[in-house]
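Examining the three-dimensional arrangement
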Amino acid sequence: MPAAPAGSRPNLKEMTYGNIEQPEIPGQRQRLSGVVEQALDQAKAAILETEETLRDNAAHATAATQKYVSRNPWKSLAIATSIGFVLALLIRR
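Described in the following lines is the structure provided in the data block. All values derive from a computational prediction rather than experimental measurement.

**Let's talk about the side chain of Ser76**
- By the secondary structure assignment, Ser76 is in helix α3 (residues 73-92).
- Ser76 has contacts with Tyr68 and Val69, leaving out every residue within four places of it along the chain.

**Focus on the environment of Ser70**
- Among the secondary structure elements, Ser70 is positioned in helix α2 (residues 28-71).
- For Ser70, a relative accessible area of 56% corresponds to the exposed category.

**As for a nonpolar patch on the surface**
- On the surface, Tyr68, Val69, Ile79, Ile83, Phe85, Val86, Leu87, Leu89, Leu90 and Ile91 cluster together into a nonpolar patch covering about 960 Å² of accessible area.
- Broken down by secondary-structure element, the contributors of at least two residues to the nonpolar patch are α2 and α3.
- Looking at the nonpolar patch element by element, the count peaks at 8 residues for α3.
- Counting through the fold element by element, Leu89 comes out in helix α3.

**Describing the environment of Ser76**
- According to the relative accessible area criterion, Ser76 is buried, its value standing at 13%.
- Between the C-alpha atom of Ser76 and that of Thr65, which follows or precedes it by 11 residues, the distance is 9.6 Å.

Rules of the game
- Residues numbered from 1 in each chain as written.
- Predicted model: local features only at pLDDT ≥ 70, side-chain atom pairs only at ≥ 80, totals over all residues.
- Heavy atoms only, no water.
- Helix = DSSP H or I, 4+ residues; strand = E, 2+ residues; numbered from the N terminus.
- Contact = heavy atoms within 4.5 Å.
- Buried < 20%, exposed > 50% of the residue type's maximum accessible area, 1.4 Å probe, protein only.
- Patch = residues over 30% accessible without salt bridge, like charges linked within 9 Å, V, L, I, M, F, W, Y side chains within 5 Å.
- Areas by Shrake-Rupley, 256 points an atom, 1.4 Å probe, with all protein chains shown as cover.
- Salt bridge = Lys/Arg side-chain N within 4 Å of Asp/Glu carboxyl O.

From the geometry alone we can't say anything about function, so treat these as descriptive.
See the structure below:
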């Protein structure tokens, strides 16, 4: 492959494949596009399912925490104070 003149952009097809023409198989782009779209749809569905599961888990955790705190207010206050004290000690160092 001859050197490109200074300031000109190289031909990417020539850099990748040389001067060999790569024939396109009929319908190759459409098939690949379909495969990619299917993979994206599956990924989106998995993400939505995970999001729903996380929301459900967070809602259950919130409800359990509220229930515990309402039944044990002084114990909850002591736990929160202890955690705050330990964090303050760690931050000061």
